[in-house]
Amino acid sequence: MGICYSSTRKEVREAENGEGEGVGNRWRKKSREKKSGGGDQESVLNHIPGRIAGNGSSKIACLHTQQGKKGTNQDAMVVWENFGSRNDAVFCGVFDGHGPYGHMVARKVRDSLPLLLSNQWKAGNDEEQNGPQNSEETGSECGDDESYDSMEVEESDKVPEMYLPLKKSMLKSFKLMDKELKLHPMIDCFCSGSTAVTLIKMGEDLIIGNVGDSRAVLATRDEDNYLHAVQLTVDLKPDLPREAARIHQCKGRVFALQDEPEVARVWLPNNDSPGLAMARAFGDFCLKDFGLISVPDLYYRRLTSKDEFIILASDGVWDVLSNIEAVDIVASAPGRSTAARALIDCAVRAWRLKYPTSKNDDCAVVCLFLDHPHAENGTENKDVMATNESNETLAQTNTVSADTEMLDNSS
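All values derive from a computational prediction rather than experimental measurement.

Parameters at a glance
- Residues numbered from 1 in each chain as written.
- Predicted model: local features only at pLDDT ≥ 70, side-chain atom pairs only at ≥ 80, totals over all residues.
- Heavy atoms only, no water.
- Helix = DSSP H or I, 4+ residues; strand = E, 2+ residues; numbered from the N terminus.
- Buried < 20%, exposed > 50% of the residue type's maximum accessible area, 1.4 Å probe, protein only.
- Contact = heavy atoms within 4.5 Å.
- Areas by Shrake-Rupley, 256 points an atom, 1.4 Å probe, with all protein chains shown as cover.
- Polar contact = N/O pair within 3.5 Å; in protein donor to acceptor, adjacent residues only side chain to side chain.
- Pairing = 2+ DSSP bridges.
- Axes fitted to C-alpha atoms, helices over the stretch in contact; angles between N-to-C directions.
- Parallel < 35°, antiparallel > 145°, perpendicular 65-115°, else oblique.
- Left-handed = near helix turned anticlockwise from the far one by under 90°.
- Phe/Tyr/Trp six-rings, centres within 6.5 Å; stacked < 30°, edge-to-face > 60°.
- Lys NZ or Arg CZ within 6 Å of the ring centre and 35° of its normal.
- Expected span 1.5 Å × (residues − 1).
- Bend = angle between axes of the 7 residues up to and from the residue.

*Asks:* Help me understand the overall build of the chain, please; the structure alone is not making it clear to me.
*Replies:* On a plain count of helices and strands, the chain comes out with 12 helices and 17 strands. Across the 411 residues that make up the chain, the buried fraction comes to 51%. Sequence-distant contacts, at least 24 apart, represent 70% of the contacts inside the chain between residues at least 6 apart. With an accessible surface of roughly 20,100 Å², the chain has 49% of that area assigned to carbon and sulfur atoms.

This is how it looks when you write it as structure tokens:
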């Protein structure tokens, strides 16, 4: 679900009805005055080679989003090849907005977070030489230090040299992104926010940063060549022990409503609002002093030849489909370019079957296909388990066939 149960109702009502001087009217006025501002940035970004932020596909990825039945589509996604001017780097992200202006927050994060990360990454070497800089660490978010400690990778001796500088860049860019939202003159983020599940792939190295309850899943083959799913991230729900402990320490409250006992939510200390169904998010500044943070969980993985593709998706998909169901749907799609849409179509049908009386949520999917030269148009490479001897025999056969064809052409 990943939504606010309630918010400042008067402010939201004014925004929706156009009454008073609510944030809705203020935003409409400013958007008319500065209409070219955000539009210009998005227009420039849309013309960057290798960047896709709408429904579409490339040789290595496909992405699709579809509006649910709850109103404006608040999901956003992006794929950016040659990220940071590195030929082997790819950035992918899915962002699930919530609250009255969640769609604006999600799109802002989609457009700004990769730029912040790229700039921080480029400046990372200089910062390493000059030592760590903590001048911007204000400590305004309750539990920040604890969350930074939890980001340490257990097998730090196995990670490549590029991981630690990139980890610092991701942590700082996420923090700057939240600060930019707080100071944004045209987007009210007090009771609106967004998740973010992002990854950077460099060669065979994969780094994932996750805030909220969107999810990343890897499709890989086991020893018997069967495809199975590996969940790469943790859904950061409020009832996770470490998340609940931090929220309670900051005087926030975590409990579920009687009519939906399976959905834990975050509440203000003395008010039954906003009821946020995640423990970390961009925006939502009404809860930032009470345990909600925007610090990402970071993960590193070394990819292998058995890894086929990665799925990033919002909770509109994961609420109704299991990890292995999603992997099977993408693997059986008629082509790579249609895999993301096929997954969303199946999720929409699953919503109708599992929750016939509920409105299905927005869905956004990014499928990143890993390097398999012989697996084109979505077909699986069935010969990944072939031995070296059989490969040599096949090469010799191809050589003989080519020689024979050349003789026939000559005659």
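*Asks:* Just to check I follow, could you spell out the environment of Glu-180 for this structure?
*Replies:* With respect to the helices and strands, Glu-180 occurs in helix α7 (residues 163–182). According to the relative accessible area criterion, Glu-180 is partly exposed, its value standing at 28%. Note: C-alpha distance between Glu-180 and Ser-112 (68 residues apart in sequence) is 9.0 Å. Filtering out sequence-adjacent residues up to four positions away, Glu-180 remains in contact with Lys-108, Ser-112 and Leu-116. Polar side-chain contacts of Glu-180 include one of 3.1 Å to the side chain of Lys-108.

*Asks:* I'm lost on the sheet that holds strand β10 (residues 227–231) in this one. Help?
*Replies:* The strands that make up a sheet are held in pairs by hydrogen bonds between backbone atoms, and each pair lies either parallel or antiparallel. Reading across from one edge, β2-β3-β17-β16-β9-β10 is the order of the 6 strands in this open sheet, with antiparallel pairing throughout. Sheet topology places β2 (56–57) and β10 at the edges, where each strand pairs with a single neighbour. Strands in contact with helix α10 (residues 323–331) are β9 (215–221), β10, β16 (307–313) and β17 (363–369); relative to β10, the strand with the most contacts, it is inclined by about 130°. Against the sheet, helix α11 (residues 339–354) engages β3 (61–66), β16 and β17, with an angle of about 35° to β3.

*Asks:* Which parts of the structure should I look at to understand the pairing of β10?
*Replies:* Sheet faces and side chains relate simply in a regular strand, where the side chains alternate between the two faces. Examined bridge by bridge, β9 and β10 share 5 bridges and lie antiparallel to one another. Each bridged residue has a counterpart across the sheet, and for Ala-219 the counterpart in β10 is Ala-229. Two successive antiparallel strands, β9 and β10, enclose a turn made up of 5 residues, where Asn-225 displays a positive phi of approximately 70°.

*Asks:* Can you help me understand the packing of α10 against α11 in this one?
*Replies:* How two helices sit against one another is set out by the angle between their axes and by the gap between those axes. As a packed pair, α10 and α11 sit with axes 8 Å apart at the nearest point and diverge in direction by 135°. With respect to α11, the element α10 is oriented oblique. As α10 packs across α11, the resulting crossing turns out to be right-handed. In this structure, α10 contributes Ala-326, Ile-329 and Val-330 to the contact, and α11 contributes Ala-339, Ala-342, Leu-343 and Cys-346.

*Asks:* Is there a simple way to think about the pairing of strand β8 (residues 205–211) in this case?
*Replies:* By the criterion of burial, β8 is predominantly enclosed, with 7 of the 7 residues buried. Here β8 shows two buried faces, one formed by Asp-205, Ile-207, Gly-209 and Val-211 and the other by Leu-206, Ile-208 and Asn-210. Pairing geometry for strand β7 (residues 196–202) and β8, over 7 bridges, is antiparallel. Paired with Ile-200 across the strands is Ile-207, a residue of β8. Counted between consecutive antiparallel strands, the loop separating β7 from β8 contains 2 residues, among which Gly-203 sits at a positive phi close to 60°.

*Asks:* What am I meant to see in the packing of aromatic side chains here?
*Replies:* Two aromatic rings are characterised by how far apart their centres lie and by the angle between their planes. Taken as a whole, this structure holds 8 aromatic pairs when the rule is applied. With a centroid separation of 4.9 Å and an interplanar angle of 10°, the aromatic rings of Phe-255 and Trp-267 are classed as stacked. Highlighted residues: Phe-255 in strand β11 (residues 253–256) and Trp-267 in strand β12 (residues 264–268), separated in sequence by 12 residues. Under the relative-accessibility criterion, Trp-267 is labelled buried at 1%. Each residue in the set Trp-80, Phe-83, Phe-91 and Trp-121 is aromatic and connected to the rest through ring pairs, giving one cluster. Over the ring of Trp-80 we find Arg-51; its NZ or CZ atom is 5.9 Å from the centre of that ring. The lysine or arginine in question, Arg-86, covers the ring of Trp-121, its NZ or CZ lying 3.7 Å from the ring centre.

*Asks:* Honestly, unusual backbone geometry in this entry has me stumped. Any pointers?
*Replies:* Residues apart from glycine generally show negative phi values, whereas peptide bonds are mostly found in trans. Cis geometry is found at the peptide bond from Ser-273 to Pro-274, where omega equals -5°. Structurally, the position occupied by Pro-274 is in strand β13 (residues 271–276). The backbone of Asn-225 shows a phi angle near 70°, a positive value even though the residue is not glycine. With respect to the helices and strands, the residue Asn-225 is situated in the loop between β9 and β10. One non-glycine residue with positive phi stands out, namely Asp-284, at about 50°. Position of Asp-284 relative to the elements: it lies in the loop between β14 (282–283) and β15 (297–302). Assessed through its relative accessible area of 1%, Asp-284 is described here as buried.

*Asks:* Help me understand the sheet that holds β13 in this model?
*Replies:* Strand order in the open sheet formed by 3 strands is β11-β12-β13, with antiparallel pairing between adjacent strands. Sheet topology places β11 and β13 at the edges, where each strand pairs with a single neighbour. Averaged over all pairs of adjacent strands, the angle between strand axes in this sheet comes to 45°, irrespective of strand direction.

*Asks:* What's the story with helix α4 (residues 102–122) in this structure? I'm lost.
*Replies:* Because the α-helix completes a turn every 3.6 residues, residues three or four places apart line up on one side. For α4, with 21 residues, the first-to-last C-alpha span of 30 Å sits near the 30 Å given by 1.5 Å per residue. Along α4, the sharpest kink reaches roughly 30°, centred on Ser-112 and followed within four residues by the proline Pro-114. For α4, the buried fraction is high: 17 of the 21 residues fall into the buried class.

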